[in-house]
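So you can see what is in the structure, the chains are spelled out below.
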Amino acid sequence: MVELDIQIPSAYDPFAEAKDSDAPGAKENIHIRIQQRNGKKSLTTVQGLKKEYSYERILKDLKKDFCCNGNVVQDKELGKIIQLQGDQRKKVSQFLVQTGIAKKDQIKIHGF
Amino acid sequence: MADEINEIREEQEQLAPFDPSKKKKKKKVVIQEPVEDLAESSQTEKSDSLPVNDGLESSFTGMKKKKKKPTESSLLNNESVDAGEDLDEIANDEQEGEEGIVLQQRYPWEGSERDYIYDELLGRVFNILRENNPELAGDRRRTVMRPPQVLREGTKKTVFVNFMDLCKTMHRQPDHVMQYLLAELGTSGSLDGQQRLVVKGRFAPKNFEGILRRYITDYVICLGCKSPDTILSKENRLFFLRCEKCGSQRSVAPIKTGFVARVSRRKT
Ligand SMILES: [Zn+2]
């Protein structure tokens, strides 16, 4: 008995999974995270925006749109990070997609 | 749409050449199925001409999926969308219900002049399979996860009581789960003397549940067959998830904590 393994060509993309994950070589994702501060307060951080963008300008727009305070911090390994007060994750994600700064599938929202 | 993709992927994986265990499975199907069928079916000879051979098998699983879709769709929705829903409830047996119905009207074409239709025949095949080779019929046992139990410790800490328990049901190392939970919550924490997870910050059971759901899709469930019966192993600093059911393997992303802002009170 001979068993044949025939690969049937299909629309399946063998690299689809690799693109999804943030394994090395995969596209850069933007991570939006939340952190709890004291009490009910929380903090939203945005990591991984392209370096070409002016973080200060994006921050200015974000602050104005969401009526919240925020700042840009420099991390040794991760580069510039935008911090915003409060849980702005959904809004930031919407903002980034609407302005074309990032595509929806690049944005990873973390947290609870 | 997503279902279609999954189906395609499933097919692909079943055709994938490397796994020896899978070949065995296929063979088993070929050998056993016609025998069972012969023994079982005295009434309809025609179904005997439906041996499950290698070529058919992949399309077979696909068809099965389609057939099951209507009954299961509501459940699936529950599971994926309704995060607040109690996990226990989902588990309980639509299988029983489904099976009961099918068994009652076992051969609806019997006693009438009409021919059986495709779906009826398909149902019959799966009933036979279920009776004789339940593992081949593809009815998965559902793994039941209990909802997270959470206590407040003081005002600033939360205790995840049944953390270990849930790690065990997922068959994952507590360290790995803990790393993921803490990274996602953006906080720090540790296990206490009673093996409970104590994290800094206030979190509701729902918060943990949502994160665990994501953990399960990312690090537990097999993408090919959706089985939670998987093994996570580390090879050369890379994590691989191997399915015990279908043998498929994929790499998974390492857990990254990412940026953690300093939120401790500023020194004045
Ligand atoms: Zn599998």
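Residues numbered from 1 in each chain as written. Chains lettered and ligands numbered in written order. Predicted model: local features only at pLDDT ≥ 70, side-chain atom pairs only at ≥ 80, totals over all residues. Heavy atoms only, no water.

Before going further, it helps to spend a moment on the overall build of chain B. Along its length, chain B carries 10 helices and 7 strands. By residue count, 40% of the 268 residues in chain B fall in the buried class. Taking as baseline every contact in chain B between residues at least 6 positions apart, the subset at least 24 positions apart corresponds to 56%. With an accessible surface of roughly 15700 Å², chain B has 53% of that area assigned to carbon and sulfur atoms. (Helix = DSSP H or I, 4+ residues; strand = E, 2+ residues; numbered from the N terminus. Buried < 20%, exposed > 50% of the residue type's maximum accessible area, 1.4 Å probe, protein only. Contact = heavy atoms within 4.5 Å. Areas by Shrake-Rupley, 256 points an atom, 1.4 Å probe, with all protein chains shown as cover.)

Per the UniProt annotation, the sites labelled "zinc finger region: C4-type" are residues 222-246 of chain B. The span residues 222-246 of chain B is 0% helical and 48% strand by assignment, and the distance between its end C-alpha atoms comes to 9 Å. (UniProt positions renumbered as here; feature names shortened; annotations may be inferred.)

This part is about the coordination of the zinc ion. Residue and element names in this part refer to chain B. Every protein donor of the zinc ion is accounted for by Cys-222 (SG), Cys-225 (SG), Cys-243 (SG) and Cys-246 (SG), and the metal-donor separations fall at 2.3 Å. Around the zinc ion sit 4 donor atoms; with metal-centred angles ranging over 106 to 113°, the donor geometry is tetrahedral. When the donor residues of the zinc ion are listed from N- to C-terminus, their spacing reads C-x2-C-x17-C-x2-C. Here Cys-225 is found in the loop between helix 10 (205-219) and strand 5 (230-235), whereas its partner Cys-246 is found in the loop between strand 6 (238-243) and strand 7 (249-252), with 21 residues between them in sequence. Under the relative-accessibility criterion, Cys-225 is labelled buried at 15%. (Donors = N, O, S within 2.8 Å, 3.2 Å for Na, K, Ca; no water. Tetrahedral: all angles 85-135°; square planar, octahedral: opposite > 155°, others 65-115°.)

Residue and element names in this part refer to chain B. Mean pLDDT over chain B stands at 70; residues scoring 70 or higher make up 56%. Confidence drops under a pLDDT of 50 for residues 10-100, and excluding neighbours within four residues, the segment shows 125 contacts in the predicted structure. Scored as a complex, the prediction yields pTM 0.59 and ipTM 0.74. (pLDDT = per-residue confidence, 0-100.)

Looking now at the sheet that holds strand 7 of chain B. Residue and element names in this part refer to chain B. Read from one edge of the open sheet, 3 strands run 5-6-7, paired in antiparallel fashion. Edge strands, defined here as strands with exactly one partner in the open sheet, are strand 5 and strand 7. Taken over all neighbouring pairs, the strand axes of this sheet differ in orientation by 30° on average, direction set aside. Relative to strand 6, strand 5 runs antiparallel, the two being bridged by 6 bridges. Its bridge partner lying in strand 6, Leu-232 is registered against Leu-241. (Pairing = 2+ DSSP bridges. Axes fitted to C-alpha atoms, helices over the stretch in contact; angles between N-to-C directions.)

Residues and elements named next belong to chain A. Counting through the fold element by element, Arg-89 comes out in helix 3 (residues 89-98). Among the polar contacts listed, one links the side chain of Arg-89 to the side chain of Asp-87, at a separation of 2.9 Å. Of note is the side chain of Arg-89, whose polar atom sits 3.4 Å from the backbone oxygen of Phe-112. Discounting chain neighbours no more than four positions away, the residues touching Arg-89 are Ile-32, Arg-33, Ile-34, Thr-44, Ile-109, His-110, Gly-111 and Phe-112. (Polar contact = N/O pair within 3.5 Å; in protein donor to acceptor, adjacent residues only side chain to side chain.)

Chain-level pLDDT for chain A is 82 on average; 76% of the residues reach the 70-or-more range. Overall, residues 20-26 of chain A carries pLDDT values under 50, and its contacts beyond four positions in sequence, including any with other chains, amount to 10 contacts.

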